[in-house]
Structure formats: C-alpha cells, structure tokens
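So the chains spell out like this:
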Amino acid sequence: MLVSAGENLHGYKIAEYKDVVFGVCNSTEGAGFRQVALKKMTDNAAKLGATAVINFKMEIYPVSGTTQEATAYGNAVIADPIDGVARVETPHKINLEAYTRKPKTDDSPIGQIHDINGYKFVVCPKCGTKYRVETDEKGEVHIKGFDDVDDDEPGLQVFCLRCGTKFTVPEK
Ligand SMILES: [Zn+2]
C-alpha cells in the first residue's frame, strides 16, 4: 500500500477516490502504536479496494495521564502507474515519530495556597495578591466573583485583578 502525505503520488495518477479511511491505536498497546494506527488505516483502505492512501495525516491526542491515542487518516484511492510500471510497493518513508503530542507550553503557573486563620488564600504567582478560596462539597475550589477563564486546562484558572496574570488555583 502506497502512502503519501501529499495529494499526489510520483509516477501515478489517481484513477478513483474511495473514501476517507482511519486507523486508531492507543499507546497502551506499546511504543509502536503509531505504526499500528497506520497499518489499521491501510487495512481499511485495502478493504475498499484502494491501492494507495494520499493526504495522509496522523494526530496524537492525550487520552488520560501519559496515555496517548494515534489517529491515522487519509484519502483511500486507486492509483495507477502512469506508464504501467508499478513503483516501489512499500509505503513512502514517513517519519511517524515526528507525529507526537505537542507539549503543552501554555500551562498556567500555579498559585500557592496559604492558610491564614483557618481561611484558604491563593497567592498570585506574579504579584503576590491574595484571593480567598472556598471549597465546595465536591471538593472544587472557587473564588467568589471569579469564573474559570480556561476550559482547556484542568482545574480553575483566573486572571489576577491586579497584574492580569492567568494562574491556576490548586485544589489543595
Ligand atoms: Zn497578580
């Protein structure tokens, strides 16, 4: 099965577009999970009678903790050699290791919790302003009058009223 990240295959013409095909594999299945996802994708393409996959992409998603999931996908096609001569049948060299979950660089700094006279306060990591923290019956932290400003990051993120820094309020 020919696989190309581009929309063309050198020496071939695309005779027929089949469908978008996917292959999914979880990192709990071992270090080769990217290759397994690729294999599942090409297997699905073969089931459609395709001879190649173009526009190949791979995405890595965090599932939980350190577990990741690889999704390989592309357009399954029938590709005919232009001059009738089939070229290399092995997949084009695709560096699957390059498909890695992007490290999160925008994690907000975490404010320190101070206990003052039995009340919990969180301290802005930049300017030191203190905010009173309340914990509800579910154990979730709140600051009166503040909403979570970042749905993508776990936990509660707020903007410091004084310096504007976004920081995370720790649960404990
Ligand atoms: Zn601040």
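Anything mentioned here points back to the structure above.
Residues numbered from 1 in each chain as written. Predicted model: local features only at pLDDT ≥ 70, side-chain atom pairs only at ≥ 80, totals over all residues. Heavy atoms only, no water.

A short note on the overall build of the protein chain
A tally of helices and strands in the protein chain yields 1 helix and 10 strands. A globule of 172 residues ought to have a C-alpha radius of gyration of about 16 Å, yet the protein chain, at 25 Å, is considerably larger. Taken along the three principal axes of its C-alpha coordinates, the protein chain extends 85 × 30 × 25 Å. Looking at the 172 residues of the protein chain, the share that counts as buried comes to 34%. The long-range fraction of contacts in the protein chain, counting pairs at least 24 apart against all pairs at least 6 apart in sequence, stands at 59%. By element, 52% of the accessible surface of the protein chain is carried by carbon and sulfur atoms, the whole surface being about 10600 Å². (Helix = DSSP H or I, 4+ residues; strand = E, 2+ residues; numbered from the N terminus. Rg over C-alpha atoms; globule rule 2.2 N^0.38 Å. Buried < 20%, exposed > 50% of the residue type's maximum accessible area, 1.4 Å probe, protein only. Contact = heavy atoms within 4.5 Å. Areas by Shrake-Rupley, 256 points an atom, 1.4 Å probe, with all protein chains shown as cover.)

Regarding the nonpolar core
Generally speaking, a soluble globular protein has its nonpolar side chains buried in company with each other. Grouped together as the largest cluster of nonpolar side chains are 17 residues, with contacts concentrated most on M41, F56 and M58. Of all the secondary-structure elements, those providing two or more residues to this core are β2 (12-26), α1 (33-47), β3 (52-64) and β4 (67-81). For this core, the leading source of residues is α1, giving 5 residues. If sequence neighbours within four positions are ignored, F56 has contacts with V3, S4, A5, L38, M41, A72, Y73, G74, I94, L96 and Y99. Within the second largest apolar cluster, 12 residues are counted, among which are V122, Y131, I143 and F167. (Core = buried A, V, L, I, M, F, W, Y, C linked by side-chain atoms within 4.5 Å.)

What to know about the sheet that holds β2
The strand order β1-β3-β4-β2 describes an open sheet built from 4 strands, whose pairing is mixed. One side of each edge strand has no neighbouring strand; the edge strands of this open sheet are β1 (2-3) and β2. One ladder, built from 2 bridges, connects β1 with β3; its direction is parallel. Of the residues in β3, the one forming a bridge with L2 is A52. Strands in contact with α1 are β1, β2, β3 and β4; relative to β2, the strand with the most contacts, it is inclined by about 135°. (Pairing = 2+ DSSP bridges. Axes fitted to C-alpha atoms, helices over the stretch in contact; angles between N-to-C directions.)

Re the coordination of the zinc ion
Donor atoms from the polypeptide that bind the zinc ion are C124 (SG), C127 (SG), C160 (SG) and C163 (SG), placed at 2.2 to 2.3 Å. Coordination geometry of the zinc ion: the 4 donor atoms subtend angles of 105 to 114° at the metal centre, consistent with an arrangement described as tetrahedral. Considered as a linear motif, the donors of the zinc ion on their single chain read C-x2-C-x32-C-x2-C. In this pair, C127 sits in the loop between β6 (119-123) and β7 (130-135) while C160 sits in the loop between β9 (156-159) and β10 (166-169), placing the two residues 33 residues apart along the sequence. (Donors = N, O, S within 2.8 Å, 3.2 Å for Na, K, Ca; no water. Tetrahedral: all angles 85-135°; square planar, octahedral: opposite > 155°, others 65-115°.)

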